Amino acid sequence: MSAFLYAATRTPFGRFNGALAGVRPDDLAAAAITSTLARVPGLDPAAVDDVVWGNANGAGEENRNVGRMAALLAGLPVSVPGTTVNRLCGSSLDAAMTASRTIESGDAEVVLTGGVESMTRAPWVLPKPAKPFPAGDVTAVSTTLGWRLVNPRMPKEWTVSLGDANEQLRERFGISRERQDAFAARSHQLAHAAWESGFYDDLVVPVDGVDLTRDEGIRPGSTPEVLAGLKPVFRTPEQGGTITAGNASPLNDGASAVLLGSEKAAATIGTDPIARVAGRGVMALEPQAFGYAPVEAANRALARAGIGWDQVGAVELNEAFAVQSLACLDAWKIDPALVNQKGGAIAIGHPLGASGGRILATLAKVLRETGQRYGVAAICIGVGQGLAVVLENCDATGAAQ
């Protein structure tokens, strides 16, 4: 038995402190659920067997099982259960992978998956004191991104900042600042062109009450020359720093949703499937090497799908940083033109828990548009992990077997 993708939508991705800053993450998630179910009006919401939702931070308004809360806020019957998974940046891709296994096992026929993050609304937290009434000051810690409240037993080399970890990748693989800036500029240009051509019109649905119809962070005027003028953020130029605000993904708010089901669920859902989940892969490395983890995750997913890179016609790789994206492409030895053909996270944004659903949905549509049979969606994950999914286009010859 196989699992299939039937429908997917997402909100526009807003900038940190931007247009979506006033929207709670559980409301963002509910908006993605509502818009995805609107794509399949023949589906009785009561027929959804489970909601599996991704979220990375989970310290704020989404703290109490946002998957269940979003389902209730979206108006699903109280009989539809919901759970939340956390694999940091890969949370919504992990949610889809979990749901696909559930469908393949026969435990469910229809599962709604997705993810959400409001990095703007991620709170500051105060750790509880080791003893009552401490006399000294207590520091509030931001939960927006990266390590916080670190266990002192963790080796220091594991807990470097995400940016410094990727400067280490740059040193390891000799990836120049010029390549990073060119890759980042391409992301903005392709994302802008995709919006202009109408590619995202049926994938992205505005949030009620918010005047935002497109991803907020796309800068069509970005060029390698413009990006070259930005200063490195994590290391100084004298230290060899190359990562800037222009060649790394920004902080964002947004949500995505993907409806999965079995082959026979087509009658229940009321539409034919778009793509089949053909393979899955997960990989872990040293925490500071997280940007390189998609390499083997994708290789494993392809092996489980029974195909090789020569049969892959499209790749959606979440662009956490240009340098780690380039390291992965170099390792796979694939044509860069196949990768992120409609722009990537450097331009579109990376609201942690929502990005996996975004790349999966985009990949499915790219495969339909190009007629290619197989594609790979891959994502790097903080603390040294990577995930990948192989999709098979149901419109391609021999698909949906």
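Now for a quick tour of the structure.

Quick notes on the rules
Residues numbered from 1 in each chain as written. Predicted model: local features only at pLDDT ≥ 70, side-chain atom pairs only at ≥ 80, totals over all residues. Heavy atoms only, no water. Helix = DSSP H or I, 4+ residues; strand = E, 2+ residues; numbered from the N terminus. Rg over C-alpha atoms; globule rule 2.2 N^0.38 Å. Buried < 20%, exposed > 50% of the residue type's maximum accessible area, 1.4 Å probe, protein only. Contact = heavy atoms within 4.5 Å. Areas by Shrake-Rupley, 256 points an atom, 1.4 Å probe, with all protein chains shown as cover. Salt bridge = Lys/Arg side-chain N within 4 Å of Asp/Glu carboxyl O. Phe/Tyr/Trp six-rings, centres within 6.5 Å; stacked < 30°, edge-to-face > 60°. Lys NZ or Arg CZ within 6 Å of the ring centre and 35° of its normal. Axes fitted to C-alpha atoms, helices over the stretch in contact; angles between N-to-C directions. Parallel < 35°, antiparallel > 145°, perpendicular 65-115°, else oblique. Nonpolar A, V, L, I, M, F, W, Y, C, P; charged D, E, K, R; others polar. Polar contact = N/O pair within 3.5 Å; in protein donor to acceptor, adjacent residues only side chain to side chain. Left-handed = near helix turned anticlockwise from the far one by under 90°. Core = buried A, V, L, I, M, F, W, Y, C linked by side-chain atoms within 4.5 Å. Disulfide = S-S within 2.5 Å. Expected span 1.5 Å × (residues − 1). Pairing = 2+ DSSP bridges.

**Considering the overall build of the protein chain**
Stage number 1. When helices and strands are tallied, the protein chain shows 11 helices and 12 strands.
Stage number 2. Computed over its C-alpha atoms, the radius of gyration of the protein chain comes to 20 Å, within 12% of the 21 Å expected for a compact globule of 401 residues.
Stage number 3. If you line up the protein chain on its principal axes, its C-alpha atoms span 60 × 55 × 40 Å.
Stage number 4. The buried share of the protein chain, reckoned over its 401 residues, is 56%.
Stage number 5. In the protein chain, the proportion of contacts linking residues at least 24 apart, taken out of those at least 6 apart, comes to 79%.
Stage number 6. Roughly 16,000 Å² of accessible area belongs to the protein chain as shown, and the carbon and sulfur atoms make up 52% of that amount.

**Here we look at the pattern of salt bridges**
Stage number 1. In total, this model carries 19 salt bridges according to the counting rule given.
Stage number 2. Residue Arg10 is joined to Asp215 by a salt bridge in which the shortest nitrogen-to-oxygen separation is 2.7 Å. Of this pair, Arg10 sits in strand 1 (residues 3-10) while Asp215 is found in the loop between helix 5 (177-197) and helix 6 (224-227), placing the two residues 205 residues apart along the sequence.
Stage number 3. In this structure, Asp26 and Arg24 form a salt bridge, with 2.9 Å as the shortest nitrogen-oxygen distance.
Stage number 4. Judged by its relative accessible area of 5%, Asp26 falls in the buried class.

**Regarding the packing of aromatic side chains**
Stage number 1. The tally for this structure, following the rule as stated, stands at 4 aromatic pairs.
Stage number 2. Both rings, one in Trp195 and one in Tyr200, keep their centres 5.2 Å apart while their planes meet at 40 degrees; by these two values the pair is tilted.
Stage number 3. Residue classification places Tyr200 among the buried residues on the basis of a relative accessible area of 0%.
Stage number 4. Summarising the aromatic geometry, the rings of Phe199 and Tyr200 are spaced 5.0 Å apart at their centres and angled 85 degrees between planes, so their arrangement reads as edge-to-face. Taken as a pair, Phe199 and Tyr200 share a single burial class, namely buried.
Stage number 5. One residue, Arg10, lies across the ring of Phe13, its end atom 4.6 Å from the ring centre.

**Some points on the packing of helix 5 against helix 9 (residues 322-332)**
Stage number 1. Two elements in contact, helix 5 and helix 9, have axes separated by 9 Å at closest approach and are oriented at 95 degrees. As judged from the angle between their axes, helix 5 and helix 9 are roughly perpendicular. The residues of helix 9 that touch helix 5, namely those facing Arg179, Gln180 and Phe183, are Ala322, Val323, Ser325, Leu326, Leu329 and Asp330.
Stage number 2. Its residues assigned to classes, the contact of helix 5 with helix 9 shows 5 nonpolar, 2 polar and 2 charged.

**A few points about the side chain of Asn393**
Stage number 1. Turning to its location among the elements, Asn393 is positioned in strand 12 (residues 385-393).
Stage number 2. In terms of polar contacts, Asn393 uses its side chain to reach the backbone carbonyl oxygen of Gln372, at 3.1 Å.

**Quick word on the packing of helix 4 (residues 162-173) against helix 9**
Stage number 1. Relative to each other, helix 4 and helix 9 sit at 40 degrees, their axes nearing to 9 Å. With respect to each other, helix 4 and helix 9 are oriented oblique. Here helix 4 runs over helix 9; the crossing is left-handed. Between helix 4 and helix 9, the contacting residues are Asn166, Leu169, Arg170 and Phe173 on the first element and Val323, Gln324 and Ala327 on the second.
Stage number 2. Class assignment for the residues of the contact of helix 4 with helix 9 results in 4 nonpolar, 2 polar and 1 charged.

**Focus: the nonpolar core**
Stage number 1. Ranked by size, the top nonpolar core spans 44 residues in total, and within it Leu5, Leu93, Tyr200, Leu260, Leu360, Val389 and Leu391 carry the most contacts.
Stage number 2. Of the residues forming this core, the biggest block, 7 residues, is contributed by helix 11 (residues 355-370).
Stage number 3. Contacts of Leu360, omitting those with residues within four sequence positions, involve Leu5, Leu93, Ala96, Val258, Ala377, Val389 and Leu391.
Stage number 4. In terms of nonpolar packing, the next biggest core, distinct from the first, is built from 42 residues, Ala165, Ala185, Ala297 and Val312 among them.

**A few points about the state of the cysteines**
Stage number 1. If you walk through the whole model with that rule in mind, you get 0 disulfides.
Stage number 2. Looking at Cys89, it has no disulfide partner, and the nearest cysteine sulfur is the one in Cys380, 6.2 Å off.
Stage number 3. The class for Cys89 is buried, based on a relative accessible area of 13%.

**Quick look at helix 11**
Stage number 1. Over its 16 residues, helix 11 extends 22 Å from the first C-alpha to the last, a length consistent with the 22 Å expected when each residue adds 1.5 Å.
Stage number 2. Here helix 11 lies mainly inside the structure; 13 of its 16 residues are buried.
Stage number 3. A positive backbone phi angle near 80 degrees is found at Gly371, which sits one or two residues after helix 11.

**Observations regarding the pairing of strand 9 (residues 275-284)**
Stage number 1. For strand 9, a buried count of 8 out of 10 residues is recorded, marking the element as mostly surrounded by other parts of the structure.
Stage number 2. Note that strand 1 and strand 9 share 2 bridges and pair antiparallel. Its bridge partner being in strand 9, Phe4 is matched across the sheet by Arg276.
Stage number 3. Sheet topology note: the strand 9/strand 12 ladder contains 9 bridges and is antiparallel. Considered in strand 12, the bridge of Gly279 is made with Val390.

**Comments concerning unusual backbone geometry**
Stage number 1. The phi dihedral of Leu88 is positive, around 50 degrees, even though this residue is not glycine.
Stage number 2. The residue Leu88 is located in the loop between strand 4 (82-85) and helix 3 (91-105) in this model.
Stage number 3. Taking the relative accessible area as the measure of exposure, Leu88 reaches 30% and is therefore partly exposed.
Stage number 4. Even without being glycine, Lys333 reaches a positive phi, approximately 55 degrees.

**Points about the environment of Leu302**
Stage number 1. By secondary structure assignment, the location of Leu302 is in helix 8 (residues 294-305).
Stage number 2. Separated by 263 residues in the primary sequence, Leu302 and Arg39 have C-alpha atoms spaced 30 Å apart.
Stage number 3. If near-sequence neighbours (up to four positions away) are discounted, Leu302 is found in contact with Ile307, Gly308, Trp309, Val312, Val376 and Val390.

Keep in mind these numbers describe shape, not what the thing actually does.
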